[in-house]
Amino acid sequence: DINAIGGSSATICPSILPPELVAKIDFSTDGFKFDQFRSYWKHVSDDADGIRLLTPHERQLISKIIASHKKGENKKGENSMKQSWRGDISSSLETIEFRDLPQVLSSCGSVHRFSLIWERMCANNRLWDIVRPRVDMTNRCAYMLKTFEDRDDNHMHDISKLPYKLINPSEKVDVWVFGIFIYQLCSGGNPFHTGYQGDLRGVDAYSRLHHWNKVEADKSIREHIQDPLAQDLLRRILLPASERLPNMTAVLRHPFFSPTSTEAERYLEKHEEMQLLRENTVVVSKVTGVTSRMLEDSMEKYSRIAFSTDRIAFPTCFVVLPYGLQLDETQNRYCAVPSPEYASCAERLGKCLLEINKATARMSFWMRMNDKIRDPRNGDNFKSQMQEWIKRARVEPCNAVAKEIVKSLGLGPNYALLCEEILAFDGSISKAKSYMKNPLRAARKAIGQNADSLADMYPSLNLYLIDEDTMMPSYVDERFSPYPLRIHFDKSLFKNALLPFINIAVMKALARGRFHGLAALLGFPPSFIIPDSWKASEPGLLHSSESSDSIEEFVLLQKVVRKDDLQSLWDDASVNTSYSGSRSAGSYSDIRSFSNLSLHSSPSIDLSEGDPVIASVPMIHLELLFREFDPDRHFNNLRRVSRGVEESSPGLWTVNETINDLHEVMELADIEDQLQELMLDYEKKKNTEIELQNLVQRKKVVKMQLSRQGFPFHKEIFHSKDSVDEEFEAQVPGDNNAKTDPSAGEARANPKPTGELYQDDGTKIVTHRMRYSDPDSTSDEGGEKKKSKKMRKSKRKFRPWFGAC
């Protein structure tokens, strides 16, 4: 027996099947698979083709006649019965005669035999209507259900000949079917275009089901489901298999089935917040290239990655300071208020944040190094090469060697300064040995130590929202705004719930303006002089406003680092449990960097992101914080800007003045779009011309080669001039002489039948055939060519038959 879903013996309803049960065949690459499918189901499709020779009315009449004769309503003899059922069927046929039926039917000698074959063909016709491929000629592909033959009255077919892999039964399939049932109950319809019998209508329905994803699900659910709890449940069920809830137990735990629970209330509050978010979002249809990069580099995007959530109803770009800020009217920006708190911690605050970023950079570098060393094929060679680089670094400039190492690791040139630091200083500076042994543990230790140092600076927490356009604290008169949010200090809350957001904001600020960007983020005045302690962290400044790759990588690495530290925060909703901090990674004696690389083999490191529920803990606590301190969703008058209305569209939070400026430059953005399209068309045209010239040149070369081999191009069937050659001949390199030298062009157009061929270097080729010669052409003594004119039959002119009229 075959343990799979989609057997022909079961009743199949396509409209409730999950996406993984739909296969796609691309004709341009896998056309042979379509033939495999048709061959496998040929016994079914042949019967269906035979049935469809008849009209629906004829099929109905034949079925009635067969049923009548099988019941023995005709009490005549065998011969008369034979004539009777044949005659009855023949008289019921409207478009064909009895002998025109498929041979398996027309050759039947008894009504019983006819009945068996007829029932089989009708069953196969119904089955073929379900399993037949839906062909999309526009996109040159076909969709079909992943079905197979398993009926008792049919011999088992070899499923290895099917062009797709069958799907085993699983609870995830049951979860999807249950989700369709809930969707139909709440909306009165199906997410896909279906018929009254539950069949998918048209190739578009099959295509949509096959390509179903989270965005499509969210759009359909938001448009057709009103119940917020049902919306949230279906967003977790009607997804591709890899993202779907695993079983019905997880489904039944959802608040949809306990609407009076505390968790259900939280879901309803979240739904209301998302409604308010949509009202607070400004959609800008056209933006310039710079604005587009800013939207793609938004804090919202990184928060979704870091905290495993896709529905964020509030700004996540903020900074928490141990001192207050005030408006500097001359600079029109928030600046730190001179105070003992500010003076004592300003430099240390930035230093700790930079060290956390640098520890993540070191972790990124050594993770890549760890992969190279542990490579089973080239690891030993890489270690040997590293030893050579270390020897060279003792006598050569470290920057040149660092660039070679970074390149061999597949890292960008921005890592060169970090690698140079490792080569130039001993292990007490670069911490090379601890990172070499276990990058994750070393980074966790460094980040934990700096997080503890940061926490010691805070007598209280002052949370300022950041304008993502300027990456500086936003200002609103405190008489009309709850900001800054003044929160009672809690070390666990700060380290585990707030600091992860601050670290991402620091990365964005460093990408925008390096040290000065960080100073502006922390509210330092423009006169602030970058201290030397900050400059020591320069090797960790890997971020750039031109690319978000390094920030995305750092966000993921920090997510891995803190996954073990969030459990206590998850267990204690009040965030009162003290945080134990990072465990010690041990101490190591100072070494020159890389010196013992070949002796240390880094253990396998768990880089999994962990449970997404645990990863979302900081987001949950930030959500509760905003509900408590900003219940009216004031958000310091910041508004969200996005390019689309979908919740998945990236957005950033900024002030109304910036939004008005975005509307002002929409014409400029439209011009940029048009220029981009024109540039693409220009490049495409240029590439087409180059390809065309190459093909024309190639054609000439091939013809030349054939001519040298004595190919009979003198025959009329080969002698016709191609219009493509005529139009583009002048553009092909080497043919420009025809423009400047008329005689050269005429000589090539009318070659003399000398019978002599030459190679490219002028060497004469002797052949028994004449090049471009014509058997009907002759030459007189004056060298003039005479050619008898022949007219092809297709070219002769005939007098029209109506000419006599």
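Cut-offs and rules
- Residue indices follow the written sequence of each chain, beginning from 1 at its first position.
- Where local features are concerned, this predicted model is filtered to residues with pLDDT of at least 70; where side-chain atom pairs are given and counted, the filter is 80 or more; whole-chain, interface and lining totals use all residues.
- Values shown for side chains rest on all heavy atoms present in the structure; no hydrogens or waters enter the calculation.
- Helix and strand assignments follow DSSP, with helices taken as H or I runs no shorter than four residues and strands as E runs no shorter than two, numbered in order from the N terminus.
- A 1.4 Å probe rolled over the protein chains alone gives each residue an accessible area, and that area as a share of the maximum for its type sets the label: buried under 20%, exposed over 50%, partly exposed in between.
- A contact between two residues is defined here by any heavy atoms of the two lying within 4.5 Å.
- Methods summary: accessible areas were calculated by the Shrake-Rupley approach with a probe of 1.4 Å, and residue burial reflects only the protein chains presented.
- When DSSP finds two or more bridges between a pair of strands, those strands are recorded as paired.
- Lines fitted to C-alpha atoms define the axes here, with helix axes fitted over just the stretch in contact, and angles between the N-to-C directions of these axes take values from 0 to 180 degrees.
- Definition of a polar contact: a pair of N or O atoms within 3.5 Å, with one able to donate and the other able to accept a hydrogen when the atoms are protein atoms, and with sequence-neighbouring residues admitted only if both atoms are side-chain atoms.
- Pairs were defined over the aromatic rings of Phe, Tyr and Trp, the Trp ring being its six-membered one, requiring ring centres within 6.5 Å. Orientation was assigned from the angle between planes: stacked under 30 degrees, edge-to-face over 60, tilted for the rest.
- Helix span, expected: 1.5 Å multiplied by one less than the number of residues in the helix.
- Should an angle lie under 35 degrees it is considered roughly parallel, over 145 roughly antiparallel, and from 65 to 115 roughly perpendicular; all remaining angles are considered oblique.
- Think of it as three bins: nonpolar holds Ala, Val, Leu, Ile, Met, Phe, Trp, Tyr, Cys and Pro, charged holds Asp, Glu, Lys and Arg, and polar takes everything else, Gly as well.
- Within this document, salt bridges are pairs made up of a side-chain nitrogen of Lys or Arg and a carboxyl oxygen of Asp or Glu, the two lying within 4 Å of each other.
- Nonpolar core, defined: a set of buried Ala, Val, Leu, Ile, Met, Phe, Trp, Tyr and Cys residues in which side-chain atoms within 4.5 Å join the residues together.
- The patch calculation keeps residues exceeding 30% relative accessible area without a salt bridge and links them within 9 Å when they carry like charges or within 5 Å when they are nonpolar (Val, Leu, Ile, Met, Phe, Trp, Tyr).
- As a per-residue measure, pLDDT tells how confident the predictor is, with possible values from 0 to 100.

### Regarding the overall build of the protein
Moving on, step 1. Scanning the protein for helices and strands turns up 33 helices and 16 strands.
Moving on, step 2. Taking all 805 residues of the protein together, 45% fall into the buried category.
Moving on, step 3. Long-range contacts, defined as pairs at least 24 residues apart, comprise 73% of the intrachain contacts of the protein with a sequence gap of at least 6.
Moving on, step 4. A total of about 42900 Å² of accessible surface is found on the protein, and carbon and sulfur atoms cover 50% of it.

### A closer look at the sheet that holds strand 3 (residues 141-145)
Two modes of strand pairing occur in sheets, parallel and antiparallel, and in both the strands are linked by backbone hydrogen bonds.
Moving on, step 1. In spatial order, the strands read 1-3-2; together these three strands make up an open sheet with antiparallel pairing. Strand pairing shows two members of the sheet lacking a second neighbour, strand 1 (22-26) and strand 2 (134-136), which therefore form its edges. Each neighbouring strand pair of the sheet contributes to a mean axis angle of 20°, computed without reference to strand direction.
Moving on, step 2. Alignment of strand 2 against strand 3, held across three bridges, turns out to be antiparallel. Bridge pairing in strand 3 links Arg-134 to Tyr-143.

### Quick word on the pairing of strand 3
Moving on, step 1. Strand 3 sits mainly inside the fold: five of its five residues count as buried.
Moving on, step 2. Of the two faces of strand 3, the one carrying Cys-141, Tyr-143 and Leu-145 and the one carrying Ala-142 and Met-144 are both buried.
Moving on, step 3. Sheet topology note: the strand 1/strand 3 ladder contains five bridges and is antiparallel. Across the sheet, Ile-25 pairs through a bridge with Ala-142, a residue of strand 3.
Moving on, step 4. Turn length for the strand 2-strand 3 hairpin, with the two strands adjacent in sequence and antiparallel, is four residues, and the turn residue Arg-140 shows positive phi of about 50°.

### Some thoughts on the environment of Pro-650
Moving on, step 1. Residue placement: Pro-650 occurs in the loop between strand 11 (639-642) and strand 12 (651-654).
Moving on, step 2. The exposure class assigned to Pro-650 is partly exposed, which follows from its relative accessible area of 23%.
Moving on, step 3. Distance in space between the C-alpha atoms of Pro-650 and Tyr-302 is 9.8 Å, their sequence separation being 348 residues.
Moving on, step 4. Leave out the neighbours within four places in its chain, and Pro-650 touches Leu-295, Glu-296, Ser-298, Glu-300, Arg-640, Val-641, Ser-642 and Arg-643.

### Remarks on the side chain of Ser-481
Moving on, step 1. For Ser-481, the location among the structural elements is in the loop between strand 9 (472-473) and strand 10 (485-487).
Moving on, step 2. Assessed through its relative accessible area of 9%, Ser-481 is described here as buried.
Moving on, step 3. At 3.1 Å, the side chain of Ser-481 and the backbone nitrogen of Tyr-483 are in polar contact.
Moving on, step 4. At 2.9 Å, the side chain of Ser-481 and the side chain of Asn-636 are in polar contact.

### Observations concerning the packing of aromatic side chains
Moving on, step 1. Inspection of every chain in the model, using the stated rule, returns 26 aromatic pairs.
Moving on, step 2. Between Phe-528 and Trp-534, the aromatic rings sit 5.4 Å apart at their centres with planes inclined by 45°, giving tilted as the arrangement.
Moving on, step 3. Looking at Phe-528, the relative accessible area reads 17%, which means it is buried.
Moving on, step 4. Given the relative accessible area of 0%, Trp-534 is considered buried.
Moving on, step 5. Centroid distance Phe-635 to Trp-653: 5.4 Å. Interplanar angle 75°. Geometry classified as edge-to-face. Remark: Trp-653 occurs in strand 12 and Phe-635 occurs in the loop between helix 27 (617-629) and strand 11; sequence separation between them is 18 residues.

### Looking at the sheet that holds strand 12
Moving on, step 1. In space, the three strands of this open sheet follow the order 4-11-12, with mixed pairing throughout. Two strands lie at the open edges of the sheet, namely strand 4 (281-283) and strand 12, each paired on one side alone. Adjacent strand axes in the sheet meet at a mean angle of 30°, parallel and antiparallel pairs treated alike.
Moving on, step 2. Of the strand pairs in this sheet, strand 11 and strand 12 are connected by four bridges, and their pairing is antiparallel. Paired with Arg-639 across the strands is Thr-654, a residue of strand 12.

### Description of the side chain of Asn-503
Moving on, step 1. On the secondary structure map, Asn-503 appears in helix 22 (residues 491-521).
Moving on, step 2. Residues in contact with Asn-503, not counting those within four places in the same chain, are Leu-353, Ile-356 and Gln-558.

### Here we look at helix 24 (residues 549-562)
Moving on, step 1. Taking 1.5 Å of rise per residue, the 14 residues of helix 24 would be expected to cover 20 Å, and the 20 Å separating its terminal C-alpha atoms lies within 8% of that figure.
Moving on, step 2. The buried count for helix 24 comes to ten of 14 residues, which makes it a mostly enclosed element.
Moving on, step 3. Among all positions of helix 24, only Ser-550, Ile-551, Phe-554, Val-555, Leu-557, Gln-558, Lys-559, Val-560, Val-561 and Arg-562 are buried.

### Examining the environment of Ile-620
Moving on, step 1. By the secondary structure assignment, Ile-620 is in helix 27.
Moving on, step 2. Between the C-alpha atom of Ile-620 and that of Thr-309, which follows or precedes it by 311 residues, the distance is 9.9 Å.

### With respect to unusual backbone geometry
Moving on, step 1. Residue Pro-484 is bonded to the preceding Tyr-483 through a cis peptide linkage, with omega at 0°.
Moving on, step 2. Take Pro-484: it is sitting in the loop between strand 9 and strand 10.
Moving on, step 3. Within the chain, Arg-140 stands out as a residue other than glycine whose phi angle is a positive 50°.
Moving on, step 4. In this structure, Phe-635 is a non-glycine residue whose phi angle is positive, near 50°.

### Here's the deal with the packing of helix 7 (residues 171-187) against helix 9 (residues 214-224)
Moving on, step 1. In the contact formed by helix 7 and helix 9, the axes pass within 10 Å of each other and the chain directions differ by 30°. Our classification of the angle between helix 7 and helix 9 gives roughly parallel. Residue-level inspection shows Tyr-183, Cys-186 and Ser-187 of helix 7 in contact with helix 9, the latter providing Ser-220, Ile-221 and His-224.
Moving on, step 2. Residue composition of the contact of helix 7 with helix 9, grouped by class: three nonpolar, three polar and no charged.

### Some details on the pattern of salt bridges
Moving on, step 1. One pass over the full model with this rule turns up 33 salt bridges.
Moving on, step 2. Ionic pairing is found between Glu-97 and Arg-99, a salt bridge with its closest N-O pair at 2.5 Å.
Moving on, step 3. Residue Arg-99 is classed as exposed on the basis of its relative accessible area of 64%.
Moving on, step 4. Linking Asp-218 and Arg-222 is a salt bridge whose minimum nitrogen-to-oxygen distance equals 2.7 Å.

### Things to note about the nonpolar core
A general tendency of soluble globular proteins is for nonpolar side chains to be buried together.
Moving on, step 1. If you look at the biggest cluster of nonpolar residues, it comprises 110 residues, and the most contacted ones within it are Tyr-323, Phe-365, Leu-522 and Trp-534.
Moving on, step 2. When sequence neighbours within four positions are dropped, the list of residues in contact with Tyr-323 reads Ala-336, Tyr-342, Cys-345, Leu-349, Asn-462, Tyr-464, Leu-522 and Phe-524.

### So, a nonpolar patch on the surface
Moving on, step 1. A cluster of nonpolar side chains, namely Ile-671, Leu-675 and Leu-678, defines an oily patch on the protein surface of about 290 Å² accessible area.
Moving on, step 2. Inspection of the secondary structure assignment puts Leu-678 in helix 29 (residues 666-708).
Moving on, step 3. A relative accessible area of 54% means that Leu-678 is categorised as exposed.

### Regarding the environment of Ala-451
Moving on, step 1. Here Ala-451 lies in helix 21 (residues 439-455).
Moving on, step 2. Each C-alpha atom, one on Ala-451 and one on Leu-499, is 7.9 Å from the other, the two residues being 48 residues apart in sequence.

### Details of the confidence of the model for the protein
Moving on, step 1. Averaged over the protein, the pLDDT score is 79; the fraction of residues at 70 or greater is 79%.
Moving on, step 2. The element-level mean pLDDT for the protein is lowest in strand 15 (residues 777-779), coming to 41, with strand 1 highest at 95.
Moving on, step 3. Predicted confidence for residues 73-78 stays below pLDDT 50, and this span has six contacts to residues more than four positions away or in other chains.
Moving on, step 4. Considering only residues more than four positions removed or in separate chains, one finds that residues 732-805, a stretch of pLDDT under 50, has 67 contacts.

### Considering the packing of helix 22 against helix 27
Moving on, step 1. Packing of helix 22 against helix 27 leaves a shortest axis separation of 8 Å and a crossing angle of 95°. With respect to each other, helix 22 and helix 27 are oriented roughly perpendicular. Of the residues in helix 27, those in contact with Asn-496, Ala-497, Leu-498 and Phe-501 of helix 22 are Pro-618, Met-619, His-621, Leu-622 and Leu-625.
Moving on, step 2. When the residues that make up the contact of helix 22 with helix 27 are grouped by side-chain class, the tally is seven nonpolar, two polar and no charged.

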